[in-house]
Amino acid sequence: MRPCAGCLNGNSHMSLVVMKFGGTSVENPAAISRTVSIVAGRVAMGKQPVVVVSALAKVTDQLLRAAASAAQGDRTGALAISSRLRSRHRDTAAALVKNPGDLMNLIDQKFDALDEILRGLAAILELTPRISDLIVSYGERLSSRIVTAALCEKGINAVHVDARDVIVTDSQFQKAIPQDAIIEKRAGERLRPLVDQGHVPVMGGFIGSNEEGITTTLGRGGSDFTGALIGGALTAEAIEIWTDVDGIMTADPRVCPDALRVKVISFEEAAELAYFGAKVLHPATILPAVKKNIPVLVLNSRNPSNEGTRIISLAPHCKSPFKSIAVKKKLSIIDVVASRMLMTHGYLKEIFTIFDKHKCPVDMVSTSEVSVSLTVDSNDRLPAIAADLSQLADVKYEGKKALICLVGEDIRGQNGIAAQVFNAVRHINVRMISQGASEINMSFMIEEDDADEAVRSLHAAFFKDPDPDIFDVEARKLTAQPAN
Ligand code: ADP
Ligand code: ASP
Ligand code: MG
């Protein structure tokens, strides 16, 4: 393949696309074969793909379970999980590659090393975030090797690149912050020459390393983030997120089966949805794309001809009030009731300093004269946070809450919209409300058990007659049951 003009002048790559494939897109030999065809299709179109893959579906969870078992002293249980994973990866490799000798050796070496770590962990009985990251990194390190081999098997010039040589992060294990400038430099050194020579680099998502070379991870679901970081660093033409649904939908299709595909959405709206729980995108994904104005496409590897969702800086005007409904579960409400007036100078600052000290982000805040309620992810630091807060005031906290978030264009400017929302969920007890903090988001807090029902009621109320320029209404017509 000849280098494009962009490669020659060292600037943007107008045909370079980053293609990120999630766990379900590489879950078994059939899924990996589909992924290989999709990449081959892009190469045939003259595109220059850089492929980023997640671990095989559920592998990250299983590696975390193995780590937890080992740390509790259950050496046999941990090794049994590892042994099942070894067989799954070997079987997958054998089904995809005719002469898999080298690949099998590589898989065995990795599992031997993993078993060594698990045995060590079962002896020392302490699982640190750093060791946890090392253990889960095997998922992406293995999947990326298998996908590279499967692409080569089909004649694609794929080359494996260790993501840890490119994605340099700080040392906050389990939620490491990428170092953009170093990543840009490394991507220029390690990936760009490969692309220029007509190779297809393949790397694992989610994992990175700190400047000392110690393995880190970007947080659960972080492979999307890797895809966007690489897309940003190489100034790609597009960042494609290949998953198991047709794109960003008007609600999680697992909760709401009549959810519709959103054809086009703004960066800002997609970021809000991701942050407020739409699992289809990792919340940090959008940022590197926004910085360089690179479109992000969410596509379905099981239905590759579908045009998916296009996330761009300025989406066209939408006639429907909302684009999508997201839900964030496993939240807690903390009520802080002060004996003195809340608005006394510096009081809120003292409260937030405590959350800051515990590195605990707050999602929603509501205040009255003497009390403040805050919502946070349920986590094991809550008792410590509550203990610190109780130096200032009376504190209560309650878990099992969910935040429902409606995202749409200019919600602030729509008269009567709040009344319509709360009318749709009038049968559900609403604990906290937030509107106006952003023009594009309206959210409220309810019991976790009511969340799915709330989404379905809101969806029924707001997506009866959706704007056909923005939503895929044709799909609804096709799936509608014919009347008898
Ligand atoms: P991947 O493994 O490809 O990264 P994820 O499981 O992380 O995939 O994300 C895809 C899933 O996100 C879908 O199967 C769907 O159930 C869920 N999801 C939640 N909210 C939405 C939404 N608004 N649109 C599409 N999918 C959503
Ligand atoms: N494998 C990682 C996870 O399950 C990262 C990802 O899939 O995006 O969280
Ligand atoms: Mg994901």
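Higher on the page you've got the structure.
In what follows, the accompanying structure is described. Keep in mind that this is a model prediction, so the values were computed, not measured. (Residues numbered from 1 in each chain as written. Chains lettered and ligands numbered in written order. Predicted model: local features only at pLDDT ≥ 70, side-chain atom pairs only at ≥ 80, totals over all residues. Heavy atoms only, no water.)

Let's talk about unusual backbone geometry
Next up, step 1: One non-glycine residue, lysine 58, adopts positive backbone phi at about 75°.
Next up, step 2: Mapping lysine 58 onto the fold places it in the loop between β2 (48–53) and α3 (59–71).
Next up, step 3: One non-glycine residue, lysine 330, lies in positive phi territory at about 55°.
Next up, step 4: Its place among the elements puts lysine 330 in strand β11 (residues 324–337). (Helix = DSSP H or I, 4+ residues; strand = E, 2+ residues; numbered from the N terminus.)

Considerations on the pairing of strand β14 (residues 394–407)
Next up, step 1: One ladder, built from 11 bridges, connects β11 with β14; its direction is antiparallel. Bridge pairing in β14 links isoleucine 325 to leucine 406.
Next up, step 2: In this structure, β14 lies alongside strand β16 (residues 441–447), joined through seven bridges in antiparallel fashion. Among the inter-strand pairings, valine 407 is bridged to a residue of β16, identified as asparagine 441. (Pairing = 2+ DSSP bridges.)

Considerations on the packing of aromatic side chains
Next up, step 1: Taken as a whole and judged by the stated rule, the model has five aromatic pairs.
Next up, step 2: Ring centres of tyrosine 275 and phenylalanine 276 lie 5.0 Å apart, and the angle between their planes is 90°; this geometry places the pair in the edge-to-face category.
Next up, step 3: What makes tyrosine 275 partly exposed here is its relative accessible area of 33%.
Next up, step 4: Across from the ring centre of tyrosine 138, 4.1 Å away, lies the NZ or CZ of arginine 141, which sits over that ring.
Next up, step 5: It is lysine 328 that lies over the ring of tyrosine 275; its NZ or CZ is 4.0 Å from the centre. (Phe/Tyr/Trp six-rings, centres within 6.5 Å; stacked < 30°, edge-to-face > 60°. Buried < 20%, exposed > 50% of the residue type's maximum accessible area, 1.4 Å probe, protein only. Lys NZ or Arg CZ within 6 Å of the ring centre and 35° of its normal.)

Observations concerning the environment of aspartate 244
Next up, step 1: As for its position among the elements, aspartate 244 is in the loop between β7 (238–243) and β8 (264–266).
Next up, step 2: Taking the C-alpha atoms as reference, aspartate 244 lies 24 Å from serine 87; in sequence the two are 157 residues apart.
Next up, step 3: Contact partners of aspartate 244, with chain neighbours within four places excluded, come to Thr24, Asn300 and Arg302. (Contact = heavy atoms within 4.5 Å.)

Concerning the state of the cysteines
Next up, step 1: This structure, assessed with the given rule, holds zero disulfides.
Next up, step 2: Left unpaired, cysteine 256 is separated from the closest cysteine sulfur, that of cysteine 405, by 15 Å. (Disulfide = S-S within 2.5 Å.)

Quick notes on the nonpolar core
Nonpolar side chains tend to gather and get buried jointly when the protein is soluble and globular.
Next up, step 1: Ranked by size, the top nonpolar core spans 74 residues in total, and within it Phe21, Met203 and Ile230 carry the most contacts.
Next up, step 2: Counting residues in each nonpolar core, the second largest holds 59 residues, with Ile248, Ala274, Ile311 and Ile325 among its members. (Core = buried A, V, L, I, M, F, W, Y, C linked by side-chain atoms within 4.5 Å.)

Regarding helix α6 (residues 129–153)
Next up, step 1: Taking 1.5 Å per residue as the helical rise, α6 with its 25 residues ought to reach 36 Å, and the 37 Å between its terminal C-alpha atoms agrees with that figure.
Next up, step 2: Counting buried positions along α6 yields 18 of 25 residues, so the element is predominantly enclosed.
Next up, step 3: Positive backbone phi, approximately 85°, marks glycine 155, located one or two places after α6. (Expected span 1.5 Å × (residues − 1).)

Describing the site of ligand 2
Next up, step 1: In the vicinity of ligand 2, the contacting residues are Ser54, Thr60, Glu140, Phe206, Arg220, Gly221, Gly222 and Ser223.
Next up, step 2: A distance of 2.7 Å is found between a nitrogen atom of ligand 2 and a side-chain nitrogen or oxygen belonging to glutamate 140.
Next up, step 3: Glycine 221 places a main-chain nitrogen or oxygen 2.8 Å from an oxygen atom of ligand 2.
Next up, step 4: Across the complex, the protein chains shield 85% of the 260 Å² of accessible surface that ligand 2 would expose by itself. (Near = heavy atom within 4 Å. Polar contact = N/O pair within 3.5 Å; in protein donor to acceptor, adjacent residues only side chain to side chain. Areas by Shrake-Rupley, 256 points an atom, 1.4 Å probe, with all protein chains shown as cover.)

Here's the deal with the site of ligand 1
Next up, step 1: Around ligand 1, 18 residues are found, and the nearest of them are Thr243, Asp244, Met249, Asp252 and Arg254.
Next up, step 2: Contact between ligand 1 and threonine 243: an oxygen atom at 2.7 Å from a side-chain N or O atom of the residue.
Next up, step 3: Between arginine 254 and ligand 1, the recorded distance is 2.7 Å, taken from a side-chain N or O atom to an oxygen atom.
Next up, step 4: When the free accessible area of ligand 1 is taken as 570 Å², the share hidden by the protein chains comes to 90%.
Next up, step 5: Across the shell around ligand 1, the residue classes tally to eight nonpolar, five polar and five charged. (Nonpolar A, V, L, I, M, F, W, Y, C, P; charged D, E, K, R; others polar.)

Concerning the pattern of salt bridges
Side chains carrying opposite charge are able to pair once their charged atoms draw close together.
Next up, step 1: Under the counting rule described, the total for this entry stands at 27 salt bridges.
Next up, step 2: The shortest N-O distance in the salt bridge between aspartate 112 and arginine 86 comes to 2.8 Å. With aspartate 112 in helix α5 (residues 101–124) and arginine 86 in helix α4 (residues 75–96), this pair connects stretches of sequence that are 26 residues apart.
Next up, step 3: A relative accessible area of 43% means that aspartate 112 is categorised as partly exposed.
Next up, step 4: For arginine 86, a relative accessible area of 17% puts it in the buried group.
Next up, step 5: For glutamate 398, the salt bridge identified is with lysine 401, shortest N-O distance 2.9 Å.
Next up, step 6: Bridged by salt links that share partners, the residues Arg86, Arg90, Asp108, Asp112 and Asp115 form one connected network. (Salt bridge = Lys/Arg side-chain N within 4 Å of Asp/Glu carboxyl O.)

Regarding the side chain of serine 266
Next up, step 1: Residue position: serine 266 is located in strand β8.
Next up, step 2: Residue class for serine 266 comes out buried when judged on its relative accessible area of 8%.
Next up, step 3: A polar contact is formed between the side chain of serine 266 and the backbone nitrogen of glutamate 269, at a distance of 3.1 Å.
Next up, step 4: Excluding residues within four positions of it along the chain, serine 266 makes contact with Ile311, Ile312, Ser313 and Ala315.

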